[in-house]
Amino acid sequence: MFKPLNNYVLIQRIEEENKTAGGIIIPDTAREKPSRGRVIAVGNGVFEGGVRVPMTVKAGDTVLFAKWAASANEVKIDGADYILVKESDILGIIE
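Residues numbered from 1 in each chain as written. Predicted model: local features only at pLDDT ≥ 70, side-chain atom pairs only at ≥ 80, totals over all residues. Heavy atoms only, no water.

**A closer look at the overall build of the protein chain**
For the protein chain, the helix and strand inventory stands at zero helices and eight strands. Ordered by position from the N terminus, the helices and strands of the protein chain form the series β-β-β-β-β-β-β-β. When each of the 95 residues of the protein chain is scored for burial, the buried share is 29%. A separation of at least 24 residues holds for 65% of the contacts in the protein chain among residues at least 6 apart in sequence. When the accessible surface of the protein chain is totalled, it reaches about 6500 Å², and 53% of it is carbon and sulfur. (Helix = DSSP H or I, 4+ residues; strand = E, 2+ residues; numbered from the N terminus. Buried < 20%, exposed > 50% of the residue type's maximum accessible area, 1.4 Å probe, protein only. Contact = heavy atoms within 4.5 Å. Areas by Shrake-Rupley, 256 points an atom, 1.4 Å probe, with all protein chains shown as cover.)

So, in structure tokens, the structure goes:
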């Protein structure tokens, strides 16, 4: 299992529907990568002023993250595709 460090979050993208509400099928080459995902693992947080700031998100949360996140890294672990982002690039938790 992979354990992110500091304030990094490992996310598995949730694929979006491949057709519009009107029934038009969107080809893979025209689809944007989804910006929703399920949190797989989180780091321990960062130190600020000598105190560790805990993470807000937890494993199992469904989140919305910035599409063009500066910290985003696509990684492959055990044959599965994930994205590794800083917690600050997560826009919110979907409840």
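**Side note on the sheet that holds strand 7 (residues 80-86)**
The six strands are arranged 6-7-1-2-5-8 in an open sheet whose pairing can be described as antiparallel. Edge positions in the open sheet fall to strand 6 (73-77) and strand 8 (90-94), since each of these has one partner strand only. Sheet twist, expressed as the average angle between the axes of neighbouring strands with direction ignored, equals 45°. Bridge count between strand 6 and strand 7: five bridges; the pairing is antiparallel. (Pairing = 2+ DSSP bridges. Axes fitted to C-alpha atoms, helices over the stretch in contact; angles between N-to-C directions.)

**Points about unusual backbone geometry**
We note that Asn6 has phi near 50°; this positive angle belongs to a residue other than glycine. Positive phi, normally seen in glycine, also occurs at Asp78, with a value near 50°. For Asp78, the location among the structural elements is in the loop between strand 6 and strand 7.

**A word on a nonpolar patch on the surface**
Residues Leu64, Leu91 and Ile94 make up a contiguous nonpolar surface patch of roughly 260 Å² in combined accessible area. Under the relative-accessibility criterion, Leu91 is labelled exposed at 60%. (Patch = residues over 30% accessible without salt bridge, like charges linked within 9 Å, V, L, I, M, F, W, Y side chains within 5 Å. Salt bridge = Lys/Arg side-chain N within 4 Å of Asp/Glu carboxyl O.)

Keep in mind that these numbers describe shape and distance, not what the molecule does.
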